[in-house]
Amino acid sequence: MNRIALVTGANKGLGLETARQLAQEGVTVLMASRNKERGIEAVQKLKDEGLDVELVQLEVTNSAEVDVLVQRIDSTYGKLDILVNNAGIMHGGEPTGVNSAEIVKAEVLRETFDVNFFSLVSLTQKMLPLLKKSESGRIINVSSILGSNTVQSDENSPWSGIKPFAYNASKSALNSFTVHLAAALKNTNIKVNSVHPGWVQTELGGKNAPLEAPEGAKTSVSLASVDFTGKFIHDGEEIAW
Ligand code: NAP
């Protein structure tokens, strides 16, 4: 049987491109989309390219939808080989805007953490029994270099001026999940890593980003086949937490 991957937020941006590149490697990809119409369109695009992809409905904050998806993957495939936790949100990126640590509202923090952290942890936990049935389970947490406290506390870093607090803190928390889950699973076949895709032109990354989605998706795709665990990677290199 092919390797089976689940990519969250796969209807556009990095998720769509990650799904495409995994499928090009012969992986059967379940493309999770919360929006049915956009999901149908994205899946059809890849099917037209001859790729083995399937649409699955998933609003990551909806635990009932996660439960249905676990059942569906179990009954259809009996395992999950690759989980790409890609879905994510960011409110106002500007340093002095609504997302500055000085003034950010609790609702913005909660909404951001709900999607980028709590739902991701819960979904991953629910997928673990299926990942344990894989010969080589891989969990790829799509983080960001903006979540690196080493980078954020270095005034000389080009990234340290970009401080949307809710987003950056949610990615720091996600990185912590990567480290802790990798340690918890160290005696299993499952490897867990965090990814910085680069600054990429997507709805979230904006038009000024230097990279396009195919380049940005490469790090996530490469981590589906590595043998290390508990690392934070960009473009083949380890980066600081
Ligand atoms: P994007 O184009 O805005 O795509 C985000 C995806 O996440 C969309 O498919 C979106 O679905 C989905 N999503 C958001 N909230 C969701 C929810 N509650 N349930 C289900 N799906 C949800 O952004 P992107 O740049 O591709 O981002 C993908 C990941 O890369 C994110 O985790 C982001 O933090 C990370 N990242 C991006 C960059 C960059 O420069 N672009 C840099 C570092 C890290 P809808 O279409 O329904 O909104």
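Refer to the preceding data block for the structure.
Note that the structure is a prediction, hence the values are computed from the model and not measured.

> Can you help me understand the overall build of the protein in this one?
Check the secondary structure of the protein and you find eight helices and eight strands. The C-alpha atoms of the protein give 17 Å as radius of gyration, which agrees with the globular expectation for 241 residues (18 Å, within 12%). Considering only C-alpha atoms, the protein reaches an extent of 50 × 40 × 35 Å along its principal axes. Across the protein, contacts joining residues at least 24 apart in sequence account for 71% of those joining residues at least 6 apart.

> Just to check I follow, could you spell out the packing of aromatic side chains for this structure?
To describe a pair of aromatic rings, you give the distance between the ring centres and the angle between the ring planes. Within the structure shown, the criterion is met by four aromatic pairs. Judged by centre distance (6.1 Å) and plane angle (70 degrees), the rings of phenylalanine 113 and phenylalanine 117 are edge-to-face. Here the residue phenylalanine 113 and the residue phenylalanine 117 both occupy positions in helix α4 (residues 106-132), the gap between them amounting to four residues, near one helical turn. Each member of the pair phenylalanine 113 and phenylalanine 117 is classed as buried. Consider the rings of phenylalanine 117 and phenylalanine 118, whose centres lie 5.3 Å apart with planes at 65 degrees: the pair is edge-to-face. Ring pairing ties together the aromatic residues Phe113, Phe117 and Phe118, which thus form one cluster.

> What am I meant to see in the pairing of strand β6 (residues 191-195) here?
Along any regular strand, the residues point their side chains to alternate faces of the sheet. Counting buried residues along β6, five of its five residues qualify, which places the element largely inside the surrounding structure. In β6, alternate side chains face the same way, and those of Lys191, Asn193 and Val195 on one face and Val192 and Ser194 on the other are all buried. Two strands pair when backbone bridges link them, and strand β5 (residues 138-142) and β6 are joined in this way by five bridges, in the parallel orientation. Its bridge partner being in β6, isoleucine 140 is matched across the sheet by asparagine 193. For β6 and strand β7 (residues 232-234), the ladder comprises two bridges, and the chain directions are parallel. From the neighbouring strand, valine 195 faces β7, where its bridge partner is isoleucine 233.

> Before we go on, may I ask you to explain the side chain of asparagine 141 in this structure?
Examined against the element boundaries, asparagine 141 turns out to sit in strand β5. At a separation of 2.9 Å, a polar atom in the side chain of asparagine 141 contacts the side chain of asparagine 85. One polar contact links asparagine 141 to threonine 178, side chain to side chain, over a distance of 2.9 Å. Residues contacting asparagine 141, with those up to four places away along its chain left out, are Asn85, Leu120, Leu174, Phe177, Thr178, Val192, Asn193, Ser194 and Val195.

Reading guide: rules and limits
Residues numbered from 1 in each chain as written. Predicted model: local features only at pLDDT ≥ 70, side-chain atom pairs only at ≥ 80, totals over all residues. Heavy atoms only, no water. Helix = DSSP H or I, 4+ residues; strand = E, 2+ residues; numbered from the N terminus. Rg over C-alpha atoms; globule rule 2.2 N^0.38 Å. Contact = heavy atoms within 4.5 Å. Phe/Tyr/Trp six-rings, centres within 6.5 Å; stacked < 30°, edge-to-face > 60°. Buried < 20%, exposed > 50% of the residue type's maximum accessible area, 1.4 Å probe, protein only. Pairing = 2+ DSSP bridges. Polar contact = N/O pair within 3.5 Å; in protein donor to acceptor, adjacent residues only side chain to side chain.

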